[in-house]
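Fold and geometry: a report
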Amino acid sequence: MGIFNIFRKRIESPHIPAGTGILSILFGETTELENQFKEDVSIYGETGITVHSYRVSSTQEISDLLSSQRPGLFHLLATFTNRGSLIDSMGKEIFLNDLMKLGESRGVRLFIIASENNFNNIKEHIYSSQIMNFLTILTRNKHFPSFLRGIISGLSKNPNFALAYVKLAPQHQSAQVGLPLPGSIAICPSKSGRSLVLWSDAQL
């Protein structure tokens, strides 16, 4: 059984069935994003699970792929504007909270923004989901590949994303010093109904 089939069982909702598989999307044309996209798809490929990966140029394509693929994990490389949105060459705009709501409604249980983004640009547009975990990268450094592999490995043993994250990034600043960590923030649903906010400081 694949790790995301296990992860899919973590939270079941009669209203929003969990999705399956991995959808990785690149929205942007820089060489840096292209290289990161290739690296991330390769890492997911190591799991033996089919990864559906696409380079897109419009916000509508993102919505259409989310709707048709219905993934359990959505992995996005894109640079958000200071309005917390993505804008394509036709001027079509989609805000992060709307993208997150769409993902949730299509069964996404882990939404990752794997490219660097200014948290101030997106923080007011993060949707507080009761069933979907969210991870955004603030500093994508040399440690990101091992960090992503660590998340995948953790989920293969236990479908609790928050637990997998905390094992890599202990939630004490001094405990993170020297660990192979990028800068990141994770927001996870909890049994109390309130979101659990986790973080990692980028290490050299």
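Residues numbered from 1 in each chain as written. Predicted model: local features only at pLDDT ≥ 70, side-chain atom pairs only at ≥ 80, totals over all residues. Heavy atoms only, no water.

1. A short note on helix α7 (residues 161–168)
Burial in α7 covers these residues: Phe161, Ala162, Ala164 and Tyr165. Across the axial projection of α7, the buried residues extend over an arc of 160°, all falling on one side. The residue sitting at the N-terminus of α7 and contributing the capping side-chain oxygen is Asn160; that oxygen lies 3.1 Å from the backbone nitrogen of Ala162. (Buried < 20%, exposed > 50% of the residue type's maximum accessible area, 1.4 Å probe, protein only. Helix = DSSP H or I, 4+ residues; strand = E, 2+ residues; numbered from the N terminus. Arc of directions from axis to C-beta. Polar contact = N/O pair within 3.5 Å; in protein donor to acceptor, adjacent residues only side chain to side chain.)

2. Thoughts on the pattern of salt bridges
Within this structure, the stated rule accounts for six salt bridges. We note a salt bridge from Glu34 to Lys38, for which the minimum N-O separation is 3.9 Å. Here the residue Glu34 and the residue Lys38 both occupy positions in helix α2 (residues 31–45), the gap between them amounting to four residues, near one helical turn. Residue Glu34 is classed as partly exposed on the basis of its relative accessible area of 21%. Overall, the relative accessible area of 48% leaves Lys38 in the partly exposed class. For Arg140, the salt bridge is made with Glu39, and the minimal N-O distance between the two is 2.8 Å. Here Arg140 is found in the loop between β7 (133–139) and α6 (144–157), whereas its partner Glu39 is found in helix α2, with 101 residues between them in sequence. Residue class for Glu39 comes out partly exposed when judged on its relative accessible area of 34%. Taken together, the salt bridges that share partners define one network made up of Glu34, Lys38 and Arg55. (Salt bridge = Lys/Arg side-chain N within 4 Å of Asp/Glu carboxyl O.)

3. Here we look at the sheet that holds strand β2 (residues 51–56)
For sheets, the rule is that strands pair by backbone hydrogen bonds, running either parallel or antiparallel. Across the sheet, seven strands lie side by side as β2-β1-β3-β6-β7-β8-β9; this open sheet has mixed pairing. In this open sheet, the two strands that pair with only one neighbour each are β2 and β9 (196–200). Taking each pair of neighbouring strands and ignoring which way they run, the sheet shows an average axis angle of 15°. The sheet contact formed by strand β1 (residues 22–27) and β2 spans six bridges and is parallel. Its bridge partner lying in β2, Ser24 is registered against Ser53. (Pairing = 2+ DSSP bridges. Axes fitted to C-alpha atoms, helices over the stretch in contact; angles between N-to-C directions.)

4. Digging into the side chain of Ser115
Along the chain, Ser115 turns up in the loop between β6 (110–113) and α5 (119–122). For Ser115, a relative accessible area of 1% gives the class buried. Reaching out from Ser115, the side chain makes a polar contact with the backbone oxygen of Ala78 at a distance of 2.8 Å. Excluding anything up to four places from it in sequence, Ser115 contacts Leu33, Gln36, Leu76, Leu77, Ala78 and Ile137. (Contact = heavy atoms within 4.5 Å.)

5. Side note on the packing of aromatic side chains
Scanning the model with the defined rule gives four aromatic pairs in all. Seen from their ring centres, Phe74 and Phe111 are 5.0 Å apart, and the 90° between their planes marks the pair as edge-to-face. You can see Phe74 sitting in strand β3 (residues 73–78) and its partner Phe111 sitting in strand β6, a full 37 residues away along the chain. The same class applies to Phe74 and to Phe111, which are both buried. (Phe/Tyr/Trp six-rings, centres within 6.5 Å; stacked < 30°, edge-to-face > 60°.)

6. What about the nonpolar core?
In this structure, Tyr44, Ile112, Leu135, Leu148, Phe161, Tyr165 and Ala186 are the most contacted members of the largest nonpolar core, which totals 31 residues. With six residues, the top contributor of residues to this core is α6. Residues Ile62, Leu66, Ile94 and Met100 belong to the second largest nonpolar core, which totals 26 residues. (Core = buried A, V, L, I, M, F, W, Y, C linked by side-chain atoms within 4.5 Å.)

Scope: geometric values only; no functional claims are made or implied.
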